[in-house]
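Examination of the molecular architecture
As a plain string of letters, each chain reads:
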Amino acid sequence: AERLKMVVEGANFRPYPIGVPEIRVVTTPDDKSKKTAQELTTILKTAVDLVRPLELVNPDSYLNPEKESLIQPKYKNWLAVGASGLIRAGIKLNGSQVQLTMRLYDVVSQRQLLMRDYQEDKTTASRALYRFLDEVIKTLTGEEGIFSSRLAYVKQTKDGKAIYTAEIDGRNERRITDPASLSLLPAWSRDGKSLLFTSYLRENPDLYRLNLVSKKLDWLSHKRGLNTGAAVSPDGSKIALTLSMDGNTEIYVMDRDGQNLTRLTDSWGQDVSPTWSPDGKRIAFVSSRSGNPHIYVMNADGSNPKRLSFRGNYNQEPDWSPRADGKIVFTARDERLRYDIFLVDPKDGEMTRLTQDQGDNESPAFSPDGHHIVFTSTRPPQYGKKIYVMDVDGLNQRRISRRSGNYETPAWSPRLGY
């Protein structure tokens, strides 16, 4: 029991190994209920395997879980296969409705920690799994889970480039913009209800904001040239962006309604890709003022710009962790002209490499808990760029894009709730 309330960071951190046997049909099983149970089991195992606080115990090692009671686990069997925790679930099907009962057991202390009952339509039953896992993570770590968040990204298909959203495991993909009008670089509002993006809807690369509920489209910035790279401040009141209206790309900031535009940078080099510190007091960005693109940090009013990266000669696409002491993740091109993902500490400039020797890895973005990074990769065996998620230390890299097409510039939403 003392292993609970674990801290999900530091050299001594180890994920909580958890067994997830098949979800059981608790009434007389038929083909429909069996299929639903199998589908939900796959979603549950994939989700457990995705997040940093949890580690899925290899299902091949389980010792006859189908013969044990859902409410009286054989704890010794689960200890024998290395599980510290256990999730058991049973379902009943009533037409299109799924009744789902889920339990979390701590194997070490041999006690039940959680039990929840859910009723969902079959098409939305995965929400119950995500909600339960968020509670599991909160119980074990004291931190909020991230399964209510979503990903946004650009995908190129034969019809063109458009913005899509999906669950964090790649499921339930939805197209948000029309591929007939090129749309790029999605960014989430702080409440997760809107997406900001650059689009050629009116032929110039202008900045828009789309309310995902009402579908209202705001034309936020339409200066001559580029209006791109939007980043919303932590309190939601400001938007940093890149404009090229004077012939050179510079960083600006404006109110959330597009008013009170203020220029923050003024250098001969290209200044692009702003990202806010978690307290909103600083902005990291990319500048070529030293001759090559590097990561810089400045105060939120543009004062005191300082170069942060000194290794490599092509560093780009920074994203600042939402954690109070978080690092900045970015893409760098190495001496072999391959792209990989690095972390840099804003306090001392210390760098850590997260990917290597697996194709080109680009466009990293943090999850709302700061424990995960989404990115694109061209690693084999797939063709083109696909979306992956990894832990903040570079471990547990998982492909989550499920369909054909080239994926670009993923962005992770805040927690959206249920």
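What counts, and where the lines are drawn
Residues numbered from 1 in each chain as written. Predicted model: local features only at pLDDT ≥ 70, side-chain atom pairs only at ≥ 80, totals over all residues. Heavy atoms only, no water. Helix = DSSP H or I, 4+ residues; strand = E, 2+ residues; numbered from the N terminus. Expected span 1.5 Å × (residues − 1). Buried < 20%, exposed > 50% of the residue type's maximum accessible area, 1.4 Å probe, protein only. Polar contact = N/O pair within 3.5 Å; in protein donor to acceptor, adjacent residues only side chain to side chain. Pairing = 2+ DSSP bridges. Axes fitted to C-alpha atoms, helices over the stretch in contact; angles between N-to-C directions. Phe/Tyr/Trp six-rings, centres within 6.5 Å; stacked < 30°, edge-to-face > 60°. Lys NZ or Arg CZ within 6 Å of the ring centre and 35° of its normal.

Taking 1.5 Å per residue as the helical rise, helix α1 (residues 31-50) with its 20 residues ought to reach 28 Å, and the 29 Å between its terminal C-alpha atoms agrees with that figure. All of the buried residues in α1 are S33, T36, A37, L40, T41, I43, L44, K45, A47, V48 and L50. Capping the start of α1, D30 holds a side-chain oxygen 3.3 Å from the backbone nitrogen of K32, two or three residues further along.

Ordered in space as β10-β11-β12-β13, the four strands form an open sheet in which the pairing is antiparallel. At either end of the open sheet lies a strand with only one pairing partner, and these are β10 (183-188) and β13 (217-221). With direction set aside, neighbouring strand axes in the sheet form an average angle of 35°. Of the pairings in the sheet, the one linking β10 to strand β11 (residues 194-202) comprises four bridges and is antiparallel in character. By the bridge assignment for β11, L184 is matched with T198.

Looking now at the packing of aromatic side chains. Tallied over the entire structure, the rule returns eleven aromatic pairs. For the pair Y153 and Y164, a centre-to-centre distance of 6.3 Å together with 5° between the ring planes defines the contact as stacked. Taken together, the residues span a long stretch of sequence, with Y153 in strand β7 (residues 150-157) and Y164 in strand β8 (residues 160-167) at a distance of eleven residues. With a relative accessible area of 9%, Y164 lands in the buried category. Relative to Y407, the ring of Y153 lies with its centre 5.2 Å away and its plane at 50°, an arrangement referred to as tilted. Pair noted here: Y153 is in strand β7 and Y407 is in strand β30 (residues 406-412), with a separation of 254 residues, a long-range link. For Y153, a relative accessible area of 3% puts it in the buried group. Ring-pair connections join several aromatic residues into one group, and the members of that group are Y153, Y164 and Y407. Across from the ring centre of Y164, 4.7 Å away, lies the NZ or CZ of K155, which sits over that ring.

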